[in-house]
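Here's the letter readout for the chains.
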Amino acid sequence: HQEKVEELESPLELLIKNLPKERNFDGKTIYFYRGFWCPEMAIRGMIAFGKHFQAQDTDLILTSNPKSGTTWLKALMFTIVTRTRYPLTENPVLFTNPHMLVPSFEYNLYNPSLYVEGNRDPRILSTHAPYDVLPTSIKDSKCRIVYICRNPLDQFMSNWHFFAKLPSETHSSIDETFNRFCSGIVFFGPFWDHILGYWKASQEKPDKVLFLKYEDLKEDIVFHTKLLAEFLGFPFSVEEERHGVVEEVSRLCSFENLKDLDINKGPILPGRDKSDFFRKAKVGDWSNYLTPSMVEQMKKLIQEKIEGSGLTF
Ligand code: A3P
C-alpha cells in the first residue's frame, strides 16, 4: 500500500517527506535541505527558483541570514537604485513596505501581486538561500550579490523575539532554543555555514559579492551607503555628495524613520505584523538576555567555526 501511495506522490513531495526534520523555535517543522535547516515553503521556493530563474547581468541580489538586517538593506538598495527616478521625498520606500519592494525568491517571486517595483531594470531581489544553493545563473552572470551578516549573538536574540511573538503553544524555552541554535538548528542554519559560504565567495570574487556587517553599518551608515551605491553600480556624484544626498538616503532608510511609517505597521502574514521587522535595532542587545555562560559558550563556538577564515566578529 505504501508503495502505491508513494507512486502517486511527485518527486518533490517525496523529497520533502524524506528530509531529516527538526523543530524550529516556534515548534514548526524545519527540514535539512542541502546542508541547511529550512521551512518547507522556502525549500519549495528555492527549488522553483533554482530551476526557473534566469539571472540577468544587471540583477542585484540581496542575500542574508534571517534577522540580520534584510529589511534595512532592502530599503537601502531600493532607495539607492531609484533615487533619480523619484524625488527622495516621494520615494516608494515611504509608501510601500520594503518586503513588497524587494521580493524574496523563496517566498514571493512567483506571486505577481507582491512584485511591485522589483521587476524594473535593474531587478532587486532577495533570498535567504545559502551561497551553494543559489542558481548557477546567479553565480555565472555578472549580477551582483550583497550579503548582510550580523553578530550571531544579536541575530539569535532577534530570531528569538521574532518567533516568540507568533502564537504557539509549543515555543521552546530560551535555554532550549539557544542550545538548538548552537547546534545549527535554526531557520537557514547552521549560521556559521551560511555566513562562511558568502564570506568565502566575497573573498574570492570581491567585485561580485559584497559582504557587509550590520554592526559596521550601524557605526557609520553614511560611509556604507556610499560603499553600497558604488558596488551596485549607482555611485553618488560629487554634486549629490555636496548636496547631502548620501545622508538623506541614509536617514530615509534609518530604523527611526522606517519603523514609524504607517506602511510598516499592520498585518503582513497570518499572525505576523510588519512592525515585527522593526524591534529595537540595537547592537549588543543580547547582553540584556543571555547569561554569562551562554555568552561564553556562543563566543567560543563562533571562534571555533570561523577560525582561519579571516572573518571576525
Ligand atoms: P532587532 O530584532 O535586534 O531589533 P531582518 O530584516 O533580517 O528580519 O532583521 C530584523 C532586524 O533588523 C531587527 O533587529 C530589526 O529591528 C532590525 N532593523 C529593521 N530595520 C532596520 C533599519 N532600518 N536599521 C537598522 N536595523 C533595522
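With an unreviewed UniProt entry as reference, the chain is termed Sulfotransferase, source organism Actinidia rufa. Its UniProt record gives the chain a comment under Sequence similarities (unreviewed entry), which states: "Belongs to the sulfotransferase 1 family."

Novice: Help me understand the sheet that holds strand β7 (residues 209-213), please; the structure alone is not making it clear to me.
Specialist: Strand order in the open sheet made by the four strands is β5-β4-β6-β7, with parallel pairing throughout. Each edge of the open sheet is held by one strand with a lone partner, namely β5 (124-127) and β7. On average, each strand axis in the sheet is inclined to that of its neighbour by 20 degrees, with strand direction left out of account. The pairing of strand β4 (residues 60-64) with strand β6 (residues 144-149) spans five bridges and is classified as parallel. The residue of β6 that forms the bridge with Ile61 is Ile145.

Novice: Would you mind showing me how to read the packing of helix α8 (residues 152-164) against helix α9 (residues 174-182) here?
Specialist: Between two packed helices, the angle of one axis relative to the other and the distance separating the axes together describe the packing. α9 packs onto α8 with a crossing angle of 130 degrees between their chain directions and a minimal axis gap of 11 Å. By the angle between their axes, α8 is oblique relative to α9. Crossing hand, α8 versus α9: right-handed. Touching Pro152, Gln155, Phe156, Met157, Asn159 and Trp160 of α8 are Ile174, Thr177, Phe178 and Phe181, all from α9. Its residues assigned to classes, the contact of α8 with α9 comprises seven nonpolar, three polar and no charged.

Novice: How do you make sense of the environment of Leu12 when you look at a structure like this?
Specialist: For Leu12, the position within the fold is in helix α2 (residues 11-18). Overall, the relative accessible area of 27% leaves Leu12 in the partly exposed class. Each C-alpha atom of the pair Leu12 and Ile47 lies 8.9 Å from the other, and the pair is 35 residues apart in sequence. Setting aside residues no more than four positions away along its own chain, Leu12 makes contact with Arg44 and Ile47.

Novice: Help me understand the site of the ligand, please; the structure alone is not making it clear to me.
Specialist: Near the ligand lie 18 residues; those nearest to it are Lys67, Thr70, Thr71, Ser158 and Ala281. Here an oxygen atom of the ligand and a backbone polar atom of Ala281 are 2.6 Å apart. Surface burial for the ligand is 98%, taken as the share of its 570 Å² of free accessible area covered by protein chains. Only α4 (70-82) and α15 (255-259) provide two or more residues apiece to the shell around the ligand. The biggest single contributor to the shell around the ligand is α4, with three residues. Residues belonging to the shell around the ligand are distributed by class as follows: eight nonpolar, six polar and four charged.

Novice: What is the right way to look at the pattern of salt bridges in this model?
Specialist: Side chains carrying opposite charge are able to pair once their charged atoms draw close together. Counted by the stated rule, this structure contains 13 salt bridges. Arg44 serves as the salt-bridge partner of Glu13, at 2.9 Å between the closest nitrogen and oxygen. Of this pair, Glu13 sits in helix α2 while Arg44 sits in helix α3 (residues 40-52), and the two are 31 residues apart along the sequence. Note that Asp260 and Lys259 form a salt bridge whose closest N and O atoms lie 3.6 Å from each other.

About the criteria used
Counting of residues starts from 1 at the beginning of each chain's written sequence and follows it residue by residue. Only residues with pLDDT of 70 or above have their local features reported here, since the model is predicted, and side-chain atom pairs are shown and tallied only from 80 upward, although totals for entire chains, interfaces and linings are computed over all residues. Derived side-chain values reflect all non-hydrogen atoms in the structure, with water molecules and hydrogen atoms excluded from consideration. UniProt positions are given in the numbering used here, feature names are shortened, and annotations may be inferred rather than shown by experiment. At least two bridges found by DSSP between two strands is the condition for calling them paired. Helix numbering and strand numbering both begin at the N terminus, where a helix is a DSSP run of H or I of at least 4 residues and a strand a DSSP run of E of at least 2. Note on geometry: axes are C-alpha line fits, over the in-contact stretch for helices, and angles between N-to-C directions span 0 to 180 degrees. In this scheme, roughly parallel covers angles under 35 degrees and roughly antiparallel covers those over 145, while 65 to 115 is roughly perpendicular and the rest are oblique. A clockwise turn of the near helix away from the far one marks a right-handed crossing, whereas an anticlockwise turn of less than a right angle marks a left-handed crossing. The contact criterion used is simple: two residues touch if any of their non-hydrogen atoms lie within 4.5 Å. In this count, Pro and Cys sit with the nonpolar residues alongside Ala, Val, Leu, Ile, Met, Phe, Trp and Tyr, while Asp, Glu, Lys and Arg are called charged and the others, Gly among them, polar. Per-residue accessibility, obtained with a 1.4 Å probe over protein chains only, is compared with the maximum for each type, and a residue is labelled buried under 20%, exposed over 50%, and partly exposed between these values. When at least one non-hydrogen atom of a residue lies within 4 Å of a molecule or strand, that residue is treated as near it. Under this definition, polar contacts are N or O atom pairs within 3.5 Å; protein pairs additionally need one hydrogen-donor-capable and one acceptor-capable atom, and for neighbouring residues in sequence, both atoms have to be side-chain atoms. Per-residue and other accessible areas follow the Shrake-Rupley method at a 1.4 Å probe size, with only the shown protein chains counted as cover for residues. A pairing counts as a salt bridge when a side-chain nitrogen of Lys or Arg comes within 4 Å of a carboxyl oxygen of Asp or Glu.

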